[in-house]
Amino acid sequence: MTRSDGYLLDNRQSEAGQRFDAFATLFDPTTFRHLEGFGVGPGWRVWEVGVGGTSVVSWLAKKVGPTGKVLATDIDTSQVASAARPPIEVRVHDVGVEEPPGEGFDLVHARLVLVHVPDRERALHSMIASLRSGGRLLIEDADPALQPLLCPDEHGPEQQLANRLRHGFRELLAARGADLSYGRRLPRLLREAGLRRVEADAYFPVTSPACAALESATVRQIRDQLVTAGLATDEDIDCHLANVASGSMDLATAPMISAWGRKA
């Protein structure tokens, strides 16, 4: 994440931890599958960018062991401070503004970060610059424009309301500089930046308890902004949260596109 008074999903808000837990449930299996494929192991030096919660850095710490290092950075490290013990180092850092916090990393990883960073081009090149020759970069980011609906099966008024609120959420994100079609660009951007053996895939959960938990926490977190912007009423939001809690809707997330490559 990058410092911005307009950043919509502040780590310091009470719902942030619930969102990170939902992200871990939804996306950790995909992330860990890719990291396993890279052969992450003892002695590796890893930079986890925009760390958010603790699930990924804790997994990495077990893999790199006492001879390795996991540098976890974010503009707000409050959600990951409890994990700050060797081999994990936690540091406040703005990837879109500041110079890389080190060099010679074997792996740099960012998940659901760059879509929110105003100077995402600088951030991407900063991460690549910090890699050693042969080091790996894994960027995983959402593409809300690729699949903009919360309820792809819009068959009733509950789903229509859900999709209207999701449209409002996307308007708020775009107004704050988020690139809602960033995920699909990642393979090309990695190739253009000089990375080799670039590959990508996508994960698109359509319905699960974690999707519902994520939606509930997100709507509660942005409730005031939706109402202030005239995108929803308090009654709309109360009704939607009750619909989500009922478990009667199939709620999806935006596809998460994972792209990876190796530095020459």
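Residues numbered from 1 in each chain as written. Predicted model: local features only at pLDDT ≥ 70, side-chain atom pairs only at ≥ 80, totals over all residues. Heavy atoms only, no water.

*Asks:* Explain the pattern of salt bridges to me, please; I cannot follow it from the model alone.
*Replies:* Note that side chains of opposite charge can pair when their charged atoms are close. Under the counting rule described, the total for this entry stands at 14 salt bridges. Across the pair Glu215 and Arg166 runs a salt bridge, and its minimum N-O distance is 2.9 Å. Placement of the pair is Glu215 in helix 6 (residues 209–228) and Arg166 in helix 4 (residues 157–175), with a sequence separation of 49 residues. Taken individually, Glu215 and Arg166 each receive the classification buried, so the pair is uniform in this respect. As a salt-bridge pair, Arg185 and Asp179 come within 2.5 Å of each other at their nearest N and O atoms. Residue classification places Arg185 among the partly exposed residues on the basis of a relative accessible area of 29%. A relative accessible area of 16% means that Asp179 is categorised as buried. Beyond isolated ion pairs, a larger network of salt bridges with shared partners links Lys69, Glu89 and Arg91. (Salt bridge = Lys/Arg side-chain N within 4 Å of Asp/Glu carboxyl O. Helix = DSSP H or I, 4+ residues; strand = E, 2+ residues; numbered from the N terminus. Buried < 20%, exposed > 50% of the residue type's maximum accessible area, 1.4 Å probe, protein only.)

*Asks:* What am I meant to see in the sheet that holds strand 5 (residues 131–142) here?
*Replies:* The strands making up a sheet are joined through hydrogen bonds of the backbone, oriented either antiparallel or parallel. Read from one edge to the other, the open sheet built from 7 strands follows the order 3-2-1-4-5-7-6, with strand pairing classed as mixed. Sheet topology places strand 3 (88–92) and strand 6 (196–203) at the edges, where each strand pairs with a single neighbour. Pairs of neighbouring strands in the sheet enclose a mean axial angle of 15°, with direction left out of account. For strand 6 and strand 7 (residues 256–262), the ladder comprises 6 bridges, and the chain directions are antiparallel. In the sheet register, Tyr203 faces strand 7, and the bridge partner there is Met256. Its contacts with the sheet put helix 2 (residues 55–64) on strand 1 (45–49), strand 2 (69–74), strand 3 and strand 4 (105–111), and the angle it makes with strand 2 is roughly 165°. (Pairing = 2+ DSSP bridges. Axes fitted to C-alpha atoms, helices over the stretch in contact; angles between N-to-C directions. Contact = heavy atoms within 4.5 Å.)

*Asks:* What exactly am I supposed to notice about the packing of helix 6 against helix 7 (residues 234–246) here?
*Replies:* To describe two helices that pack against each other, one gives the angle between their axes and the distance between the axes. Two numbers describe how helix 6 lies on helix 7: the axes approach to 10 Å, and their chain directions differ by 175°. One way to sum up the angle between helix 6 and helix 7 is to call them roughly antiparallel. Counting all contacts with helix 6, which are made through Ala212, Glu215, Ser216, Val219, Arg220, Arg223, Leu226 and Val227, the residues of helix 7 involved are Asp234, Ile237, Asp238, His240, Leu241 and Val244. Residue composition of the contact of helix 6 with helix 7, grouped by class: 7 nonpolar, 2 polar and 5 charged. (Parallel < 35°, antiparallel > 145°, perpendicular 65-115°, else oblique. Nonpolar A, V, L, I, M, F, W, Y, C, P; charged D, E, K, R; others polar.)

*Asks:* What is the right way to look at the environment of Leu149 in this model?
*Replies:* Inspection of the secondary structure puts Leu149 in the loop between strand 5 and helix 4. Judged by its relative accessible area of 30%, Leu149 falls in the partly exposed class. Here the alpha-carbon distance between Leu149 and Leu165, two residues 16 residues apart in the chain, equals 9.6 Å. Look past the residues within four positions of Leu149 in its chain and what remains in contact with it is Asn163, Arg166 and Ala252.

*Asks:* I'm lost on the pairing of strand 4 in this one. Help?
*Replies:* Counting buried positions over the 7 residues of strand 4 gives 7, a clear majority of the element. Judged from the 4 bridges that link them, strand 1 and strand 4 form a sheet pairing that is parallel. Within strand 4, the residue paired with Trp47 across the bridge is Val108. Taken together, strand 4, helix 3 (residues 120–129) and strand 5 form a β-α-β motif whose crossover is right-handed. (Right-handed = clockwise from strand over helix to strand, strands pointing away.)

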